[in-house]
Amino acid sequence: MMFCKMENEVDKLEFINVLQRLGVDYHFNNEIRNMLDNIYNSQTSNLKKNLHATTLKFRILRQHGYDISSDVFVSFRDEMRGLKTDQTIDVEGMLSMYEASFHSFEDETILDEARDFTTKFLKEYLNKNNDVMSLQISNALELPIHWRIPRWEAQWFIGVYEKKKNMSPVLLQFAKLDYNIVQSIYQEELQYSSSWWERTVLGGKLNFSRDRIVENYIWTVGTIFNPNSGYFRKVVTKIVALITLIDDVYDVYGTLEDLELFTEALDRWDLNGLDSLPEYMKICFKPLYTFVNEAASEIQIKSGCDITSHLKKAWTDQCKTYMTEARWYHSGYAPTLEEYLENAWISVGTANILIHGYFLTQHGFKMEDMACLEQDSNIIRFSEMVVRLANDLGTYKRENDTGDIPKTVQCYMNKTGASEIDACEHVNSMILTVWKKMNKEAHTSSFSRSYTDSAINIARMAMCMYMHGDGHSIQDPEIKNRIMSLIFQPIPIVSTQHVMDRGLNSDEFGSKNNGSNDLNLHHGNSSL
């Protein structure tokens, strides 16, 4: 399909888009890169009058780091401004334009206009229609593709692709098999994480803390989903679990005096100085201390670098921000919006995860990267800020009821006198602005593409986890169902012969016999 079937640019772009949305593009990174190089370097493009093709090309090239200008939309701006209500409109093109607009940088006003215009048009279309396109539009208006985690998008899009008239049966079958095989890997990793949680005597032993090992693990799937990144997911699940536990120590249970002692103990990083701590804090400190030292030792064996100081600093920095929030709460102090955000972008824990993650992803360490990690690199800061703002939107009502410091929404209301609805809209606009900064930073960062992708994916995970409320702390039915389907519910697969009967021919996938053998290879996998 990749080398024999596609002659023109639009077919290639469509195919890459389908591979990405089905979640199987990671099998073909080199082939996709070669295709995109050819498309980018070609000066014979004839897409100027095709809205869907132009926006698709822009979105995919910008997503992959190519330098493409938003000026490609200038001719369409005048066209859209002159649209009449009775005019036939390219709905697919409007949806593509909407999706492309979320890859904008700051000051690209043409994409801001496109997003506003297409959002209005798509909402009106939904009110008047109920078809397959409406399903795609509804999904996009909930969250654009660029803000969704790849595996949830793959699960959803497989169902949509199956309904398309021009779908490829073999590609559909391949995507389903891939999804289920990777899901079985996730189940094994989650079993490992659950066993670790119980072995550390943390699971169920501290009844004030959230016991959310499945949710903790889901964050890692959202960050890096590739099946060969299991080591990253296993280690980062421990980090997220420990962050959740220690956050509860500071927010829910600890007295101010105990928290001061705990923060000092972390700063010293010495097991011998724990006598002054209450028992529950010793239970928290020892697994953290053991985890950091073991992780640093494993990484040193693999890389030759001693990164203990980097990991210790990440934890102490985060706990110091928790301590600041605890002092605010116990003194009744209401921070300004600026004070709150300067502290809260660190307290949310994303920097801690990404600093550990730098040493866990498959790339060589670079000295300039190490300096950026110490100096709060932009890609980390922007990712953290999206996570913080999305978290606050999803959790502020619950945390306000249970007793906590004001979050972004309340701080903005206190600062401006805005209503709750207006404050939430403002926070959403802040999220959009930070995404624009992060889009730009991803193009210029000194970090590897795989690392910047992981930073962006954590932001995506936050957008999904807090979309319907506090999906991490409270088992929101919508998020719970999505987690269940992602980890525990394989996609039903029809027999290979049925796929053949739907029109698969030898030109699409080698010979029928070879294709049949390949597709049956994992069909009876008992672990699914």
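Above this text is the structure in question.
About the thresholds
- Residues numbered from 1 in each chain as written.
- Predicted model: local features only at pLDDT ≥ 70, side-chain atom pairs only at ≥ 80, totals over all residues.
- Heavy atoms only, no water.
- Axes fitted to C-alpha atoms, helices over the stretch in contact; angles between N-to-C directions.
- Helix = DSSP H or I, 4+ residues; strand = E, 2+ residues; numbered from the N terminus.
- Parallel < 35°, antiparallel > 145°, perpendicular 65-115°, else oblique.
- Left-handed = near helix turned anticlockwise from the far one by under 90°.
- Contact = heavy atoms within 4.5 Å.
- Nonpolar A, V, L, I, M, F, W, Y, C, P; charged D, E, K, R; others polar.
- Salt bridge = Lys/Arg side-chain N within 4 Å of Asp/Glu carboxyl O.
- Buried < 20%, exposed > 50% of the residue type's maximum accessible area, 1.4 Å probe, protein only.
- Expected span 1.5 Å × (residues − 1).
- 1 Å grid on protein atoms, 1.4 Å probe; cavity = no way out; pocket = protein on both sides within 12 Å on 5 of 7 lines; lining within 4 Å.
- Points joined across faces, edges and corners; volume = space filled by probe spheres on them.

Below, the discussion takes up the packing of helix 12 (residues 256-268) against helix 14 (residues 308-331). As a packed pair, helix 12 and helix 14 sit with axes 10 Å apart at the nearest point and diverge in direction by 165°. Viewed along their axes, helix 12 and helix 14 adopt a mutual orientation that is roughly antiparallel. Between helix 12 and helix 14 lies a crossing whose hand is left-handed. For the pair formed by helix 12 and helix 14, the contact residues are Leu256, Leu259, Glu260, Thr263, Leu266 and Asp267 on the first element and Thr316, Cys319, Lys320, Met323, Ala326, Arg327 and His330 on the second. Of the residues that constitute the contact of helix 12 with helix 14, the class distribution is 6 nonpolar, 3 polar and 4 charged.

Okay, the packing of helix 9 (residues 169-199) against helix 11 (residues 230-253) next. Between helix 9 and helix 11, the least distance of the axes is 10 Å, while the angle of their chain directions is 40°. Considered as vectors, helix 9 and helix 11 are oriented oblique to each other. Classified by chirality, the crossing of helix 11 by helix 9 is right-handed. Mapping the contact onto sequence places Ile185, Tyr186, Glu189, Tyr192, Ser193, Trp196 and Trp197 in helix 9 and Gly230, Arg233, Lys234, Thr237, Lys238, Ala241 and Leu242 in helix 11. Within the contact of helix 9 with helix 11, the residues separate by chemical class into 7 nonpolar, 3 polar and 4 charged.

The subject of this paragraph is the pattern of salt bridges. One pass over the full model with this rule turns up 22 salt bridges. Across the pair Glu9 and Lys57 runs a salt bridge, and its minimum N-O distance is 3.3 Å. Taken as a pair, Glu9 in helix 1 (residues 9-22) and Lys57 in helix 3 (residues 51-63) lie far apart in primary sequence, 48 residues in all. Note on accessibility: Glu9 and Lys57 belong to one class, buried.

A word on helix 20 (residues 420-444). Taking 1.5 Å per residue as the helical rise, helix 20 with its 25 residues ought to reach 36 Å, and the 37 Å between its terminal C-alpha atoms agrees with that figure. For helix 20, every residue scored as buried is listed here: Ala423, Cys424, Val427, Met430, Ile431, Val434, Trp435, Lys436, Met438, Asn439, Glu441 and Ala442.

Moving on, we get to the environment of Gly230. Position of Gly230 relative to the elements: it lies in helix 11. The sequence separation of Gly230 and Tyr186 amounts to 44 residues, and the corresponding C-alpha distance is 8.3 Å.

Let us now look at the layout of surface pockets. Size it by volume and the largest pocket reaches roughly 1,500 Å³. It is helix 21 (residues 449-465) that provides the largest number of residues to the lining of the largest pocket, a total of 7 residues. Split by residue class, the lining of the largest pocket holds 17 nonpolar, 19 polar and 11 charged.

Just distances and angles here, no functional claims.
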